[in-house]
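Below are the chains, spelled out letter by letter.
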Amino acid sequence: MAAFPESIRTLGELLERRTAERGDETFFRYRGDAYSYTDLDGRANAIANELYDNGVTPGDVVCLYMYNRPEYLYTLFALAKLGAVAAPIDTRFTDETLAHVLSETNAEIVILDGDTEDAYEAVRNETATISTELFAGEGTPEGPYRDFDLLLDGDESSAPDVEVAGTDPCSVVYVQRYQRTYPQGVVLPHYSYINTGLVSGRDVLGLSEDDCVFTTLPFYSSYPIQMGVTGALSIGAEFAFDKQFDSDRFWEWMRQYDATVFLYLGRMLSVLYNQEERADDDENPAVYAVGHGFGFGSDQTMIANFERRFDVTVLEAYGITPTATLATSNLPGERRLGSVGKPLSHAEIKIVDENDWEVPTGETGEILVRSRASNTMFEEFYEDAELTVEVCRDRWVHTNDVGYVDEDGYLYFVASKQNTIHLGRVAGRISSLEIESVIESHPDVRDSVVFGVVDGTGEEAIKAVVVPAEEATLSPIEISEHCEKQLTYHKLPRYIELRSELPRSASGKIRKDRLREVAAPDIWDRESGYDLNR
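> What is the right way to look at the nonpolar core in this model?
In a soluble, globular protein the nonpolar side chains are often hidden away together inside. If you look at the biggest cluster of nonpolar residues, it comprises 112 residues, and the most contacted ones within it are Phe239, Phe262 and Phe306. With nine residues, the single largest contributor to this core is helix 3 (residues 70-82). Once you skip the residues sitting within four places of it in the chain, Phe306 turns out to touch Trp251, Phe262, Leu269, Leu272, Tyr273, Asp311, Val312 and Val314. With 24 residues, the next largest nonpolar core counts Phe93, Leu102, Tyr120 and Tyr174 among its residues.

> What exactly am I supposed to notice about the pairing of strand 14 (residues 313-318) here?
Counting buried positions over the six residues of strand 14 gives five, a clear majority of the element. For strand 13 (residues 288-292) and strand 14, the ladder comprises four bridges, and the chain directions are parallel. The residue bridging Ala289 from the neighbouring strand is Val314, located in strand 14. Taken together, the two bridges between strand 14 and strand 15 (residues 328-329) define a ladder with antiparallel strand orientation. Bridging from a neighbouring strand, Tyr318 pairs with Thr328 of strand 15.

> For this particular structure, what's the right way to read the pairing of strand 26 (residues 495-498)?
Every regular strand shows the same layout, with side chains that alternate between the two sheet faces. Bridge count for strand 25 (residues 460-468) against strand 26 is four bridges, and the pairing is parallel. Within the sheet, the bridge partner assigned to Lys463 lies in strand 26 and is Tyr495. Following the backbone out of strand 25, through helix 13 (residues 476-484) and into the adjacent parallel strand 26, one traces a crossover that is right-handed. Across two bridges, the pairing between strand 26 and strand 27 (residues 524-525) is antiparallel. Counted as the bridge partner of Tyr495 is Asp525 from strand 27.

> In this structure, what is going on with the environment of Phe77? I would like to understand it.
With respect to the helices and strands, Phe77 occurs in helix 3. Classification of Phe77 as buried rests on a relative accessible area of 1%. Distance from Phe77 to Arg43, taken between C-alpha atoms, is 9.0 Å for residues 34 residues apart in sequence. Among all residues touching Phe77, those that are not within four sequence positions of it are Leu11, Leu15, Leu40, Ala44, Val229 and Leu233.

> Where do I start with the sheet that holds strand 24 (residues 445-454) in this structure?
Adjacent strands of a sheet pair through backbone hydrogen bonds, lying either parallel or antiparallel. In space, the four strands of this open sheet follow the order 24-25-26-27, with mixed pairing throughout. With partners counted over all chains shown, the strands left at the sheet margins are strand 24 and strand 27, one partner each. Contacts from helix 12 (residues 432-440) reach strand 24 and strand 25 within the one sheet, and its direction differs from that of strand 24 by about 145°. Across the sheet, helix 13 is in contact with strand 25, strand 26 and strand 27; its angle to strand 26 comes to roughly 130°.

> So what exactly am I meant to see when it comes to the sheet that holds strand 17 (residues 347-352) here?
Strand order in the open sheet made by the four strands is 17-18-20-21, with antiparallel pairing throughout. Where the open sheet ends on each side, the last strands, each with one partner, are strand 17 and strand 21 (411-416). Shown here is a sheet whose adjacent strand axes are inclined to one another by a mean of 45°, direction ignored. As defined by bridge partners, strand 18 (residues 365-371) adjoins strand 20 (residues 397-405) across four bridges and the pair is classed as antiparallel.

> I keep staring at helix 13 and nothing clicks. Help me out?
Working note: α-helix, 3.6 residues per turn, so residues spaced by three or four point in the same direction. Along helix 13, the residues that are buried comprise Pro476, Ile479, Ser480, His482, Cys483 and Glu484. Taken together, the buried residues of helix 13 touch helix 12, strand 25, strand 26 and strand 27.

> Looking at this structure, I do not really get helix 4 (residues 95-104). What am I missing?
All of the buried residues in helix 4 are Leu98, Ala99, Val101 and Leu102. Each buried residue of helix 4 lies within a common arc of 165° when the element is viewed along its axis, so the set occupies one face. Elements in contact with the buried residues of helix 4: strand 3 (61-65), strand 5 (109-113), helix 5 (117-121) and strand 8 (169-175). Phi turns positive one or two residues past the end of helix 4, at Asn106, with a value near 60°.

> Would you take a moment to explain the packing of helix 1 (residues 11-22) against helix 3 for this structure?
Each packed pair of helices is defined by two parameters, the angle between the axes and the distance between the axes. In contact at an axis separation of 7 Å, helix 1 and helix 3 are set at 110° when each is read in the N-to-C sense. Compared by their axis directions, helix 1 and helix 3 come out roughly perpendicular. Listed contacts from helix 3 to Leu11, Gly12, Leu15 and Glu16 of helix 1 are Phe77, Ala80 and Lys81. For the contact of helix 1 with helix 3, the per-class residue count stands at four nonpolar, one polar and two charged.

> Which parts of the structure should I look at to understand the packing of helix 2 (residues 37-53) against helix 3?
Orientation of helix 2 relative to helix 3, taken along the N-to-C sense of each, is 60°, at an axis distance of 8 Å. It follows from the interaxial angle that helix 2 and helix 3 lie oblique. Viewed along their axes, helix 2 and helix 3 form a crossing whose handedness is right-handed. Between helix 2 and helix 3, the contacting residues are Leu40, Asp41, Arg43, Ala44, Asn45, Ile47, Ala48, Leu51 and Tyr52 on the first element and Leu73, Tyr74, Thr75, Phe77, Ala78, Leu79, Lys81 and Leu82 on the second. Residues belonging to the contact of helix 2 with helix 3 are distributed by class as follows: twelve nonpolar, two polar and three charged.

> Whenever I open this one, the environment of Val312 confuses me. Can you help?
Along the chain, the position of Val312 falls in the loop between helix 10 (299-310) and strand 14. Not counting chain neighbours up to four residues away, the residues in contact with Val312 comprise Ala286, Val287, Tyr288, Ala289, Phe306 and Glu307.

Cut-offs and rules
- Residues numbered from 1 in each chain as written.
- Predicted model: local features only at pLDDT ≥ 70, side-chain atom pairs only at ≥ 80, totals over all residues.
- Heavy atoms only, no water.
- Core = buried A, V, L, I, M, F, W, Y, C linked by side-chain atoms within 4.5 Å.
- Buried < 20%, exposed > 50% of the residue type's maximum accessible area, 1.4 Å probe, protein only.
- Helix = DSSP H or I, 4+ residues; strand = E, 2+ residues; numbered from the N terminus.
- Contact = heavy atoms within 4.5 Å.
- Pairing = 2+ DSSP bridges.
- Right-handed = clockwise from strand over helix to strand, strands pointing away.
- Axes fitted to C-alpha atoms, helices over the stretch in contact; angles between N-to-C directions.
- Arc of directions from axis to C-beta.
- Parallel < 35°, antiparallel > 145°, perpendicular 65-115°, else oblique.
- Nonpolar A, V, L, I, M, F, W, Y, C, P; charged D, E, K, R; others polar.
- Left-handed = near helix turned anticlockwise from the far one by under 90°.

The following block contains the structure:
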């Protein structure tokens, strides 16, 4: 591969440079089909020209509300060449949330597919600015929708003659964070894609032209685009993807594409590990798995077991959308299981308390991230200057995540603040998700939620509300004894309540405000006459 030119600052420039070098060689694969650099570049040019001829200009927002498919990549690069802004919309957004995002972007164009059509139909009359609705995918669009393929009639030879800079916004990615009612749009500049792609492809993974990066993660997230697509493109490696995660077919896809790297999030690794063992589990092309789980202490053992079984090295990393996906990572020759690695060259981190004072090494607090290089992280929250100032106070991105740093500079992620319980200065914050995971590993438990409640001393104590499996007989003492085997003392629930169902809002969120009672006679209290088995 030729040296990466420092003059490249935008996605359009990067694709054009690679197309000039590699042409008809394969860049990405999807469901058995191969697409060359020329294919992607030509179709991006065609779409950019059609949109430009129909009035789309630099800075205009276009909404992408569809599942992973080649048209997603064509459009993303077309908008990059045009200087327009892509607004990838989470396919889980529906009803009021979807209507809010579509309206806030002030977009005139939305692209959807058969999997999102029904959800869009339910809110389409609430989006006043959208005038053009394009349908991507199989079949002939009905009603008001225009066929996406009409955009491919444009000139493929070159993109419109517009100026696009690395500082210009490339996307506005909507994420649900910071205790707001609706998702917030994170504005990411072009160069943040270039930097994250190069750092992940070169510094973290050490990719070569012989590698292939595979993912089933949704393209509405910045992660698979910045680390997967741009990471592969920055090095000249291949990229492969499928529509969504399927544990039964995952390794089949890895072998089909001869993929040496895969991207994961959340509990994907444990889902794969919990499948029935096969004699050929280690006969796959994977060298590295890179991503981020929940950060439980049990992950260290699970990852080690996963690596032995599948003969793959797991690289835990950390970042959020405002930090352009990547801030810290374990490296192949420099990693510590259980951690999410050290800060990468473009980032620095620190851990602070509730008043933004830095805490001592080893103590938990909020993770703050700051850029060491211009334009490598987000610019602002879309049309929300107040939130931008709040989150970026003192020039640090306040991630709303909790973690700690060890004496060697490795970061350990605990959980997001809304999924933590504060047990005081000494114990710090702990992950409620970890405790829920342990409780739900009991065979007689169907569901659970864990959160902090204020006890008589004014400090937070741990309460667990548990839904037993159908026809199961389960007691709070059994749940407590189950937790004792897997959790340290300070993580054990003090209060345990059994319920037939968890109260939920219309959007499906658990109503913790209806579960905070601790004095009712049917709520078990560990400190009322129960002796631990320790």
